[in-house]
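Coordinate inspection notes
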Amino acid sequence: MSGSDEPADLARQMREKAQQLAEAAERTSDPHERERLEKKSRTIRDRSEQQSAMEAGDIYPEK
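Residues numbered from 1 in each chain as written. Predicted model: local features only at pLDDT ≥ 70, side-chain atom pairs only at ≥ 80, totals over all residues. Heavy atoms only, no water.

What follows concerns the overall build of the protein chain. A count of helical and extended segments in the protein chain gives 2 helices and 0 strands. Split into buried and exposed, the 63 residues of the protein chain put 19% on the buried side. For the protein chain, restricting intrachain contacts to residue pairs at least 6 apart in sequence, the fraction spanning at least 24 positions comes to 52%. For the protein chain, the computed accessible surface area is about 5000 Å², with 47% contributed by carbon and sulfur atoms. (Helix = DSSP H or I, 4+ residues; strand = E, 2+ residues; numbered from the N terminus. Buried < 20%, exposed > 50% of the residue type's maximum accessible area, 1.4 Å probe, protein only. Contact = heavy atoms within 4.5 Å. Areas by Shrake-Rupley, 256 points an atom, 1.4 Å probe, with all protein chains shown as cover.)

Structure below.
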């Protein structure tokens, strides 16, 4: 793997993890656990989108 592929792989892994958490949230019957998993899934998905945008040069990281 080249160094240029690492950010793309990280964003992909984050999206996969977010999807797994969303699916786990759908399967649970505990409303508090569902809310926790959904929130974590959204947070990870948001971060993966930010990572992808930074790779594309669309945004710059906040300082």
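Enumeration over the complete set of coordinates arrives at 3 salt bridges. As a salt-bridge pair, Arg-12 and Glu-16 come within 2.9 Å of each other at their nearest N and O atoms. Of this pair, Arg-12 and Glu-16 both sit in helix 1 (residues 6-27), separated by 4 residues, roughly a single helical turn. A salt bridge links Arg-36 to Glu-33; its shortest N-O distance comes to 2.9 Å. Taken together, the residues Arg-36 and Glu-33, both in helix 2 (residues 31-56) and 3 residues apart, mark about one turn of the helix. Exposure remark for Arg-36: the relative accessible area of 43% places this residue in the partly exposed category. (Salt bridge = Lys/Arg side-chain N within 4 Å of Asp/Glu carboxyl O.)

Fair warning: the whole summary comes from geometry, so function is off the table for now.
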